[in-house]
Amino acid sequence: MVGVVSSTPQVVGAHLVGSVPLISSVEVMKRATNELPGRLRRIPDGEPGERNMFVAFQVQKLPEATRFNSQAKIDEAALKTRPFTLKDFQPLGYAKAAQESYKTFSALREQGVIPHGVRFQVGLPTPLSAMTAAKAGYQHLVEAQYEQLLFAEIDAIAHAIPIEDLAIQWDMAIETGYLEIASGNTDVKPWLPRPWFPDIRDNVHKRALRCINAVPAGG
């Protein structure tokens, strides 16, 4: 008898991108495990609280004068002699949130809710994504410093969470938008800042590569 091979795709796994519209990390992790039994290799905390609107909460982390909702003026000539420094930023908050959610993850694993072998997933916006929270035309004044701070958050996360339990995911929706612009699609322009760098495709790739290289081996 000849076996019949089904042409219907068979789902053998699932990946949650990070944001889940539930109230708490406990609820997210329990629901995800119950609804997708045996299908998850990594599980996020759902990005609840202030993180539930992607990079919106990062507005308040930037120097006040560069926030897109700020009326403050910037004297760019003065900034050539006194540029923004890391001290002008507020703590980004990603490492603190990851450490708190990892406690929940660990407790649920100890209770047998989350299987051993499943990793704790930390979703992060790229520096380029966070620059959509900066005032148009001023991103070039804060991008490098923000990138340094965000990469330091990754180091703190990797120091606090065992690397064998950790999976870091970069969220690159904004990069996709810029690549669409580079390909001639102008429909995405209204919701993106005007590029502050030449050669969009090359510069997006370079920024993405720096992000990838910032993730510790095994994470």
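The structure reproduced in this document is the subject of the present report.

Parameters and conventions
- Residues numbered from 1 in each chain as written.
- Predicted model: local features only at pLDDT ≥ 70, side-chain atom pairs only at ≥ 80, totals over all residues.
- Heavy atoms only, no water.
- Salt bridge = Lys/Arg side-chain N within 4 Å of Asp/Glu carboxyl O.
- Helix = DSSP H or I, 4+ residues; strand = E, 2+ residues; numbered from the N terminus.
- Buried < 20%, exposed > 50% of the residue type's maximum accessible area, 1.4 Å probe, protein only.
- Contact = heavy atoms within 4.5 Å.
- Lys, Arg positive; Asp, Glu negative; His and termini not counted.
- Polar contact = N/O pair within 3.5 Å; in protein donor to acceptor, adjacent residues only side chain to side chain.
- Core = buried A, V, L, I, M, F, W, Y, C linked by side-chain atoms within 4.5 Å.

Quick look at the pattern of salt bridges now. Tallied over the entire structure, the rule returns seven salt bridges. The residue lysine 103 makes a salt bridge to glutamate 100 at a minimum N-O spacing of 3.3 Å. Of this pair, lysine 103 and glutamate 100 both sit in helix H3 (residues 94-110), three residues apart, which is roughly one turn of that helix. What makes lysine 103 exposed here is its relative accessible area of 52%. As a salt-bridge pair, aspartate 202 and lysine 206 come within 3.1 Å of each other at their nearest N and O atoms. You can see aspartate 202 and its partner lysine 206 sitting in helix H7 (residues 200-214), four residues apart, about one turn around the helix.

Of note in this structure, glutamate 47 is not a glycine but carries a positive phi near 55°. Along the chain, the position of glutamate 47 falls in the loop between strand E1 (42-43) and helix H2 (76-79). For glutamate 47, a relative accessible area of 10% corresponds to the buried category. Phi is positive for aspartate 199, which is not a glycine, with a value near 50°.

This part takes up the environment of alanine 14. Counting through the fold element by element, alanine 14 comes out in the segment before helix H1 (25-35). What makes alanine 14 partly exposed here is its relative accessible area of 27%. In this structure, the C-alpha to C-alpha distance between alanine 14 and serine 183, residues 169 residues apart in sequence, is 30 Å. When near neighbours in sequence (up to four residues on either side) are disregarded, alanine 14 contacts Leu36, Arg39 and Leu40.

Another point: the side chain of lysine 135. In this structure, lysine 135 sits in the loop between helix H4 (127-130) and helix H5 (139-160). No salt bridge is formed by the buried lysine 135; its nearest oppositely charged neighbour, glutamate 64, is found at 7.2 Å. Within the structure, lysine 135 has its side chain in polar contact with the backbone oxygen of alanine 72 (distance 2.7 Å). Residues within four places of lysine 135 in sequence aside, it is in contact with Ala65, Thr66, Arg67, Phe68, Ser70, Gln71 and Ala72.

The biggest cluster of nonpolar side chains holds 54 residues, and the ones touching the most others in it are Ile43, Phe120, Tyr146, Trp170 and Tyr178. Contributing elements (two or more residues each) for this core: H1, H3, strand E2 (119-125), H4, H5, strand E3 (166-171), helix H6 (173-182) and H7. Among the elements that make up this core, the one with the highest residue count is H5 (eight residues). The residues contacting tyrosine 178, other than those within four sequence positions of it, are Leu128, Leu192, Pro193, Pro195, Trp196, Ile200 and Val204.

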